[in-house]
Amino acid sequence: DGGITQSPKYLFRKEGQNVTLSCEQNLNHDAMYWYRQDPGQGLRLIYYSQIVNDFQKGDIAEGYSVSREKKESFPLTVTSAQKNPTAFYLCASSTGQGEAYGYTFGSGTRLTVV
Amino acid sequence: GNSVTQMEGPVTLSEEAFLTINCTYTATGYPSLFWYVQYPGEGLQLLLKATKADDKGSNKGFEATYRKETTSFHLEKGSVQVSDSAVYFCAKHTGGFKTIFGAGTRLFVKA
């Protein structure tokens, strides 16, 4: 079955460390997205990518970086510059811009700073 | 502004009660509208959608009608079950690669 796989499910980061969250999809979707979710809040867009080797900043890109070297993969790095990284991170993908069929989401990675 | 506003939760209902979760949006162009559901510890799943005015989206007993005149997309279900307990997000696609999500409404259904 097609879908999006995020790993790991839980991740712990020490102060000053960079960590990378994995996102892989086998839906043949061109567009991929990273969202951050904080308790009791909606989703905020970090980065998105329309096609391979191209990505754009979302609303809260500071302290994060991404790459899109393959269509299937869109990893997110949370750098030490991100001062409050504890959150639930969601990866999504869409066919086209998502206007017709919405987004398919992964099951998320919960990142905690220790 | 460009926003989606949902009723605040939590919403607590008894099993078999009628559910309404209100959602309104700012009218910028002709957005597509969506409802997503999130179960504990999981990602969001698309529940239903409507892409133009007066369309009704439906799935698993849930329905929502795209009301352009009131800029609303309220979610309804005639008889909720305990398994419907989750957080529900209203969203609109604003064009380009951008979807605006509401803050979510948590639903608790008691047996």
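We now turn to the structure provided with this report. Note that the coordinates shown come from a computational prediction; the quantities given were computed from them, not determined experimentally.

Within chain A one finds 0 helices and 11 strands. Along its sequence from the N terminus, chain A presents helices and strands in the succession β-β-β-β-β-β-β-β-β-β-β. On C-alpha atoms alone, chain A measures out to a radius of gyration of 13 Å, which is about the 13 Å that the 2.2 N^0.38 rule sets for 114 residues. Across the 114 residues in chain A, those meeting the buried criterion constitute 46%.

This part covers the state of the cysteines. Residue and element names in this part refer to chain A. Per the stated rule, a full pass over the model turns up 2 disulfides over all chains. Here Cys23 is linked by a disulfide to Cys91, with a sulfur-sulfur distance of 1.9 Å. Negative torsions about the S-S bond denote left-handed disulfides, and the value of about -75 degrees found for Cys23 with Cys91 makes this one left-handed. Pair noted here: Cys23 is in strand 3 (residues 19-25) and Cys91 is in strand 9 (residues 87-94), with a separation of 68 residues, a long-range link. When its relative accessible area of 1% is taken as the criterion, Cys23 is described as buried.

Residue and element names in this part refer to chain B. The strand order across the open sheet formed by 4 strands is 3-9-8-7, and the pairing between neighbours is antiparallel. Each having just a single partner strand, strand 3 (19-21) and strand 7 (56-59) make up the two edges of the open sheet. Ignoring which end each strand starts from, the neighbouring axes of this sheet average 15 degrees apart. Where strand 7 lies against strand 8 (residues 62-65), 4 bridges are found, and the strand directions are antiparallel. Paired with Gly57 across the bridge in strand 8 is Ala64.

This next bit is on the sheet that holds strand 3 of chain A. All names here are of chain A. Strands sit in the order 1-3-8-7 across an open sheet of 4 strands; the sheet is antiparallel. Where the open sheet ends on each side, the last strands, each with one partner, are strand 1 (4-7) and strand 7 (64-66). Averaged over all adjacent pairs, the angle separating strand axes in this sheet is 20 degrees, with direction ignored. Bridging between strand 7 and strand 8 (residues 76-78) involves 3 bridges; their strand directions are antiparallel. Pairing of Tyr64 across the sheet is with Val78, part of strand 8.

Residue and element names in this part refer to chain A. Where burial is concerned, most of strand 9 is hidden: 8 out of the 8 residues are buried. Because side chains alternate across strand 9, one face comprises the buried residues Ala87, Tyr89, Cys91 and Ser93, and the other comprises Phe88, Leu90, Ala92 and Ser94, equally buried. Pairing analysis gives 7 bridges linking strand 4 (residues 31-37) to strand 9, with the strands arranged antiparallel. When the sheet's bridge partners are listed, Arg36 is paired in strand 9 with Tyr89. Pairing geometry for strand 9 and strand 11 (residues 109-113), over 3 bridges, is antiparallel. Paired with Phe88 across the strands is Arg110, a residue of strand 11. Bridge count between strand 9 and strand 10 (residues 104-105): 2 bridges; the pairing is antiparallel. By the bridge assignment for strand 10, Ala92 is matched with Phe105.

Here the focus is the environment of Gly78(B). Residue and element names in this part refer to chain B. Inspection of the secondary structure puts Gly78 in the loop between strand 9 (75-77) and strand 10 (86-95). Taking the relative accessible area as the measure of exposure, Gly78 reaches 47% and is therefore partly exposed. For the pair Gly78 and Phe108, spaced 30 residues apart in sequence, the C-alpha to C-alpha distance is 15 Å. The residues contacting Gly78, other than those within four sequence positions of it, are Glu16, Ala17, Phe18 and Gly61.

All names here are of chain B. One finds Leu19, Trp35, Leu48, Phe73, Leu75 and Tyr88 to be the most contacted residues of the largest nonpolar core, which totals 25 residues. Those elements giving two or more residues to this core turn out to be strand 2 (11-14), strand 3, strand 4 (23-25), strand 5 (32-38), strand 6 (44-50), strand 8, strand 10 and strand 12 (105-110). What Leu48 contacts, discounting residues up to four positions off in sequence, is Leu33, Phe34, Trp35, Gly57, Ser58, Asn59, Phe62, Glu63, Ala64, Phe73 and Leu75.

Taken as a whole, the largest pocket spans an internal volume of roughly 370 Å³. Along its surface, the largest pocket is lined by 20 residues, and Gln37(A), Gly40(A), Gln38(B), Val87(B) and Arg106(B) are the ones closest to its centre. Breaking the lining of the largest pocket down by element, the ones donating at least two residues are strand 10 and strand 12 of chain B. Of the residues assigned to the lining of the largest pocket, the class counts are 8 nonpolar, 8 polar and 4 charged.

Cut-offs used in this document
- Residues numbered from 1 in each chain as written.
- Chains lettered and ligands numbered in written order.
- Predicted model: local features only at pLDDT ≥ 70, side-chain atom pairs only at ≥ 80, totals over all residues.
- Heavy atoms only, no water.
- Helix = DSSP H or I, 4+ residues; strand = E, 2+ residues; numbered from the N terminus.
- Rg over C-alpha atoms; globule rule 2.2 N^0.38 Å.
- Buried < 20%, exposed > 50% of the residue type's maximum accessible area, 1.4 Å probe, protein only.
- Disulfide = S-S within 2.5 Å.
- Pairing = 2+ DSSP bridges.
- Axes fitted to C-alpha atoms, helices over the stretch in contact; angles between N-to-C directions.
- Contact = heavy atoms within 4.5 Å.
- Core = buried A, V, L, I, M, F, W, Y, C linked by side-chain atoms within 4.5 Å.
- 1 Å grid on protein atoms, 1.4 Å probe; cavity = no way out; pocket = protein on both sides within 12 Å on 5 of 7 lines; lining within 4 Å.
- Points joined across faces, edges and corners; volume = space filled by probe spheres on them.
- Nonpolar A, V, L, I, M, F, W, Y, C, P; charged D, E, K, R; others polar.

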